[in-house]
Amino acid sequence: MNPDVESPELGELRALLNAERVRLGVHIRKMNSPGSPVYDYWENVVPAALILFSSFGATAFIHFYVGAVVLGLGCWWWLAKVQPKVKDGVFHRTAELVLNNEMQFQLLWSRGILTLYAKLPDGAERVATRRDDWREFVRSLRSEVTP
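Thresholds, definitions, all that
Residues numbered from 1 in each chain as written. Predicted model: local features only at pLDDT ≥ 70, side-chain atom pairs only at ≥ 80, totals over all residues. Heavy atoms only, no water. Buried < 20%, exposed > 50% of the residue type's maximum accessible area, 1.4 Å probe, protein only. Helix = DSSP H or I, 4+ residues; strand = E, 2+ residues; numbered from the N terminus. Arc of directions from axis to C-beta. Polar contact = N/O pair within 3.5 Å; in protein donor to acceptor, adjacent residues only side chain to side chain. Core = buried A, V, L, I, M, F, W, Y, C linked by side-chain atoms within 4.5 Å. Contact = heavy atoms within 4.5 Å. Pairing = 2+ DSSP bridges. Axes fitted to C-alpha atoms, helices over the stretch in contact; angles between N-to-C directions.

Asks: So what exactly am I meant to see when it comes to helix α5 (residues 102-110) here?
Replies: Three or four residues apart is the spacing at which side chains of an α-helix point the same way, because the helix has 3.6 residues per turn. Turning to α5, its buried residues are Glu-102, Phe-105, Leu-108 and Trp-109. Angularly, the buried residues of α5 cover 130° about the axis, an arc narrow enough to put them on a single face. A side-chain oxygen of the first residue of α5 lies 3.0 Å from the backbone nitrogen of Met-103; this N-cap is Asn-101. Looking one or two residues beyond α5, the residue adopting positive phi is Gly-112, at roughly 80°.

Right under this line is the structure:
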């Protein structure tokens, strides 16, 4: 396959995603790891380091209990405020990467990082994972989704 030529299935998949007839799934943990093409060091390490150093500082300069409270509040802040933004960022960066480059899509599909989900007009649900051919999934939706 020529890397400069896009298959019609990828264009069709983009159209189905834009029409919200298909949903793309991304394995966030695998993509938010060092070595991933969408991993952002700063959004993962800096907030955790800020929490830890603040807790250590509060423990050293004020009191152990204040450090424990700072650590507890920092963990809450991380889980409630930072982590959802990290997940969204990883998803959007991954979706942009794979929908603009078919070779990346195929590579991440073969590693089990991507999945496709469609709910058909008759209520049936279809899912494609690494074991399935994503191109065949898109072609099969062509006949089932369009009238």
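Here the narrative resumes, following the displayed structure.
Asks: I keep staring at the nonpolar core and nothing clicks. Help me out?
Replies: Soluble, globular proteins show a tendency: their nonpolar side chains are buried together. Of all hydrophobic cores here, the largest spans 30 residues; its most connected members are Leu-13, Val-22, Leu-24, Phe-105, Leu-114, Leu-116 and Trp-134. Among the secondary structure elements, those contributing two or more residues to this core are α1 (8-18), β1 (22-26), α4 (64-100), α5, β2 (114-119) and α6 (134-145). The leading source of residues in this core is α4, at 7 residues. Ignoring sequence-local partners within four residues, the contact set of Phe-105 consists of Leu-10, Leu-13, Leu-24, Val-98, Leu-114 and Trp-134.

Asks: Teacher, can you tell me more about the sheet that holds β1 here?
Replies: Within a sheet, each strand pairs with its neighbour through backbone hydrogen bonds, oriented either parallel or antiparallel. Spatially, 3 strands are ordered β1-β2-β3 in an open sheet, and the strand pairing comes out antiparallel. Since the sheet does not close on itself, it has two edges, and those belong to β1 and β3 (125-128), each with one partner. Strand-to-strand, the axes of this sheet are offset by a mean angle of 20°, without reference to chain direction. Relative to β2, β1 runs antiparallel, the two being bridged by 5 bridges. Of the residues in β2, the one forming a bridge with Gly-25 is Thr-115. Against the sheet, α1 engages β1 and β2, with an angle of about 100° to β1. Running over the sheet, α5 touches β1, β2 and β3 and is turned about 95° from β2.

Asks: Help me understand the pairing of β2 in this model?
Replies: Every second residue of β2 is oriented toward a common face, the buried set being Leu-114, Leu-116 and Ala-118 and the non-buried set Thr-115, Tyr-117 and Lys-119. Here β2 pairs with β3 via 4 bridges, running antiparallel. Looking at β3, one finds that Ala-118 is bridged to Arg-126. Following β2, the chain reverses through 5 residues before pairing antiparallel with β3; Gly-123 in that reversal takes a positive phi of roughly 95°.

Asks: Help me understand unusual backbone geometry, please; the structure alone is not making it clear to me.
Replies: Outside of glycine, negative phi angles account for most residues, and trans bonds account for most peptide bonds. Positive phi, close to 60°, is recorded for Glu-20, a residue that is not glycine. If you trace the backbone, Glu-20 turns up in the loop between α1 and β1.

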